[in-house]
Amino acid sequence: MGSKECHKCLIIACGAIAAEIVKLQRQQFLFNEAITLKCLPADYHNTPQKIAPAIEKILMEQRDKYDVVLVGYGDCGTGGRLDAVLEKYDATRLPGAHCYEFFAGAQLFEDMIEEELGSFFVTDYLVRFFDRLVIEGLGLDRYPHLCEIYFANYKRVVYLAQEENPVLVKKAQAAAHVLGLQFHYRKVGYGDLGNTFKSLPLKASGVANVSG
Amino acid sequence: MSDDEEEIILRDLNDEELVAQMQDDLYDGLRDEVFEGVEILLERKWDPNAILSDALVEGMRIVGIDFRDGILFVPEVLQCASAMKGGMGLLRPLLAASEHAASTGKYVIGTVKGDIHDIGKNLVGMMLEGAGFEVIDLGINNPVENYLEAIDKHKPDILGMSALLTTTMPYMGVVIEELDKRGILKELPVMVGGAPLNQEFADAINAHTYGRDAAMSAELAKTIIGRNR
Ligand code: B12
């Protein structure tokens, strides 16, 4: 890889954190040209067996073109299959089991689970697309009565907010209401996603280089 | 009126057609229709065990295959499960009273500590019941003590554990180790399952059997019992 001034970096991320990655990239004034962002559909969440093969396909075709590859996923229910692929292609992923854990940070996540195991977590993204990912994703639009089967073991919705946004808080509250659960709000920011980003071996550009 | 119309159609079918129709209705998650099919077969003096295995379990086996192949999704599977449950509700008291009441074996099943996913576990429980097992369901979030207590109390032939989170999978290993320490493991086959698991993981934690899906798990459980008797 040598000592290039600016490493070429490929980020392969779950669609559910794409907006957050773009935001962090801008905040940290990173060369847009140095980073290529590829997203996979967020609804792979419900079919995690698709995640590792989809990432492997991209890596197989493109690994050579980049110095660094960051995979914007946790284990996400791949049961170690994703890690096996990443090891093969010398790529790293975000720490933790899933996005709720890397946004909250491992300790805080564990504390909240300890406090109430029956917690259903939502992020900014999940609140924004609650209807598509949760209501339609779980088939509650077609079969509303399934709500009880899915959420019988749950007590509360925990909103792990990235940004402070009263509109989203209202929406999250409404979502909790629809599921018949209590509501708990916690601003956690970007957690380990932000930290991982800071540690990428990329050179920051001037403010002027940030394009809209 | 449509209910009446369908009633007439179901009753018009001969046994073979009716069983095939019931499997279709189960696939489509039509609880009322499946229930009615069971009623009709009972009126035709079918053995409750045959109704269970030929119409319901076989129907659910097909559902399981299409779920595995990505043709059906979780909500549809839940609809099918609900239809099967309806039919089973009608058969359960009859099965208990029939001469074949002797169960295939006792099966204790539960989701491990820290995990509250239970859809897969419930499906496995249902298929085990369909295969004639007496199923003792410990529910969710079970620490090792719960398993030990249930083993002590119910003396099961098989113990089953479910986990859906990467973070809770390793706890199955903890339970198995504890069973081994207490000398229980050599007597009691432990089956494990859950979407993120695979055979390698099951081998690594020293589980007896890995169950990929509900129908297969019920078959494997029967095989284990057969071997141990
Ligand atoms: C439905 C679902 C839910 C439902 C659960 C409803 C319920 N009552 O169980 C809801 C929406 C509530 C939910 C919540 C959460 N979930 Co969830 N959930 C799923 C999903 C989409 C499907 C699981 C399922 O029910 N499948 C259907 C059944 C039929 O299949 P199955 O469970 O695999 O079971 C079959 C086999 O595995 C086997 N089997 C299962 N158990 C056993 C046991 C034995 C003994 C045997 C022999 C066989 C066997 O037979 C079964 C029948 O065929 C999975 C993704 C996936 N596709 O796996 C995520 C998933 C498991 N969830 C996940 C997560 C992260 C969560 C949450 C943290 C999300 C959140 N927003 O808060 C919470 C949990 C919070 C907490 N406090 O723990 C992740 C786990 C990631 C990881 N790293 O481990 C997954 C993988 C999604 C993802 N890609 O990120 N979830």
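Cut-off values and rules
- Residues numbered from 1 in each chain as written.
- Chains lettered and ligands numbered in written order.
- Predicted model: local features only at pLDDT ≥ 70, side-chain atom pairs only at ≥ 80, totals over all residues.
- Heavy atoms only, no water.
- Pairing = 2+ DSSP bridges.
- Helix = DSSP H or I, 4+ residues; strand = E, 2+ residues; numbered from the N terminus.
- Axes fitted to C-alpha atoms, helices over the stretch in contact; angles between N-to-C directions.
- Donors = N, O, S within 2.8 Å, 3.2 Å for Na, K, Ca; no water.
- Contact = heavy atoms within 4.5 Å.
- Buried area = accessible area lost by both parts, 1.4 Å probe.
- Salt bridge = Lys/Arg side-chain N within 4 Å of Asp/Glu carboxyl O.
- Domains from an automatic or database assignment.
- Nonpolar A, V, L, I, M, F, W, Y, C, P; charged D, E, K, R; others polar.
- Parallel < 35°, antiparallel > 145°, perpendicular 65-115°, else oblique.
- Left-handed = near helix turned anticlockwise from the far one by under 90°.
- Core = buried A, V, L, I, M, F, W, Y, C linked by side-chain atoms within 4.5 Å.
- Buried < 20%, exposed > 50% of the residue type's maximum accessible area, 1.4 Å probe, protein only.
- pLDDT = per-residue confidence, 0-100.
- Arc of directions from axis to C-beta.
- Near = heavy atom within 4 Å.
- Polar contact = N/O pair within 3.5 Å; in protein donor to acceptor, adjacent residues only side chain to side chain.

A. Focus on the sheet that holds strand E7 (residues 182-187) of chain A. Residue and element names in this part refer to chain A. Read from one edge to the other, the open sheet built from 3 strands follows the order E5-E6-E7, with strand pairing classed as parallel. Looking at strand neighbours, the two that pair on one side only are strand E5 (119-122) and E7, the edges of this open sheet. Each adjacent strand pair in this sheet contributes to an overall mean axis angle of 25°, direction not counted. Of the strand pairs in this sheet, E5 and strand E6 (residues 156-161) are connected by 4 bridges, and their pairing is parallel. The partner of Ser119 across the bridge, within E6, is Arg156.

B. How the structure looks around the coordination of the cobalt atom of the ligand. A lone protein donor contacts the cobalt atom of the ligand, and this donor is His117 of chain B (NE2), found at 2.4 Å. Looking at the secondary structure, you find His117 of chain B in the loop between strand E1 (105-111) and helix H6 (119-130).

C. Looking closely at the interface of chain B and chain A. Taken residue by residue, the interface counts 16 residues in chain B and 18 residues in chain A. Summing both sides of the interface, chain B and chain A together bury roughly 1,500 Å²; the carbon and sulfur share of this comes to 59%. It is Pro75, Gln79 and Ile116 of chain B in chain B that bury the most area against chain A; as a group they hold 34% of the surface buried on that side. On inspection of chain B and its partner chain A, the count reaches 1 salt bridge. Salt-bridge contacts for Arg142 of chain A lead to Glu76 of chain B; the nearest nitrogen and oxygen are separated by 2.4 Å.

D. Molecular detail of the domain arrangement of chain A. Residue and element names in this part refer to chain A. Partitioning chain A into domains gives domain 1 (9-97 + 191-211) and domain 2 (106-187). The centre of domain 1, based on its C-alpha atoms, is set 25 Å off from the matching centre of domain 2. In this assembly, 8 residues from domain 1 lie in contact with 7 residues from domain 2. Buried surface at the junction of domain 1 and domain 2, both sides included, amounts to about 580 Å², of which 49% is carbon and sulfur. Connecting domain 1 to domain 2 are 1 salt bridge. Looking at the side of domain 1 that touches domain 2 residue by residue, the classes come out as 2 nonpolar, 3 polar and 3 charged.

E. Region of the structure containing the packing of helix H7 (residues 144-154) of chain B against helix H8 (residues 169-181) of chain B. Residues and elements named next belong to chain B. The N-to-C vectors of H7 and H8 enclose an angle of 45°; their axes lie 10 Å apart at closest approach. With respect to H8, the element H7 is oriented oblique. Crossing of H7 over H8 shows right-handed handedness. Contacts between H7 and H8 involve Val144, Tyr147, Leu148 and Ile151 from the first element and Tyr171, Val175, Glu178 and Leu179 from the second. Classifying every residue of the contact of H7 with H8 by side-chain character gives 7 nonpolar, no polar and 1 charged.

F. Region of the structure containing the nonpolar core. Counting 77 residues, the largest nonpolar core has Ile55 and Phe151 of chain A as the members making the most contacts within it. Domain assignment of the residues forming this core places at least three in each of domain 1 (9-97 + 191-211) and domain 2 (106-187) of chain A. In this view, Ile55 of chain A contacts Ile12, Leu40, Val71, Tyr73, Leu82 and Leu86 of chain A; residues no more than four positions away in its chain are not counted. In this structure, Val57, Ala83, Tyr107 and Ala221 of chain B belong to the second largest nonpolar core, which totals 43 residues.

G. The arrangement of the sheet that holds strand E2 (residues 133-137) of chain B in detail. Residues and elements named next belong to chain B. One open sheet holds the 5 strands; their spatial order is E2-E1-E3-E4-E5, and the pairing between them is parallel. Single-partner strands in this sheet number two, and they are E2 and strand E5 (209-210). Where strand E4 (residues 190-193) meets E5, 2 bridges bridge the pair, whose relative direction is parallel. Paired with Val192 across the bridge in E5 is Tyr210. Contacting E1, E2 and strand E3 (158-162), H6 crosses the sheet at an angle of about 155° to E2. Its contacts with the sheet put H7 on E1, E2 and E3, and the angle it makes with E1 is roughly 165°.

H. Examining the confidence of the model for chain A more closely. In the predicted model, chain A carries a mean pLDDT of 89, and 89% of its residues have values of at least 70. Confidence drops under a pLDDT of 50 for residues 205-212 of chain A, and excluding neighbours within four residues, the segment shows 10 contacts in the predicted structure.

I. Structural view of helix H3 (residues 81-88) of chain A. Residue and element names in this part refer to chain A. Among the residues of H3, those classed as buried are Leu82, Val85 and Leu86. Here the buried residues of H3 occupy an arc of 100° about the axis, which is enough to place them on one side. Along H3, exposed side chains directed more than 90 degrees from the buried face belong to Glu87 and Lys88. Packing partners of the buried residues in H3 comprise helix H2 (51-62), strand E3 (68-72) and strand E4 (92-93). Just beyond H3, the residue with positive phi is Asp90, at close to 50°.

J. Up close: the site of the ligand. Close to the ligand lie 45 residues, the nearest being His45, Leu117 and Phe121 of chain A together with His117 and Thr166 of chain B. The residues that come close to the ligand belong to more than one chain, namely chains A and B. Between the ligand and Tyr100 of chain A, the relevant distance is 3.4 Å, taken from a nitrogen atom to a side-chain nitrogen or oxygen of the residue. Residue Leu117 of chain A places a main-chain N or O atom 2.6 Å away from a nitrogen atom belonging to the ligand. Mapped by element, the contributors of at least two residues to the shell around the ligand are E5 and helix H8 (146-151) of chain A together with H6, E3, E4 and helix H10 (214-228) of chain B. Ranked by residues supplied to the shell around the ligand, first place goes to H6 of chain B with 4 residues. Each of domain 1 (9-97 + 191-211) and domain 2 (106-187) of chain A accounts for three or more of the residues forming the shell around the ligand.

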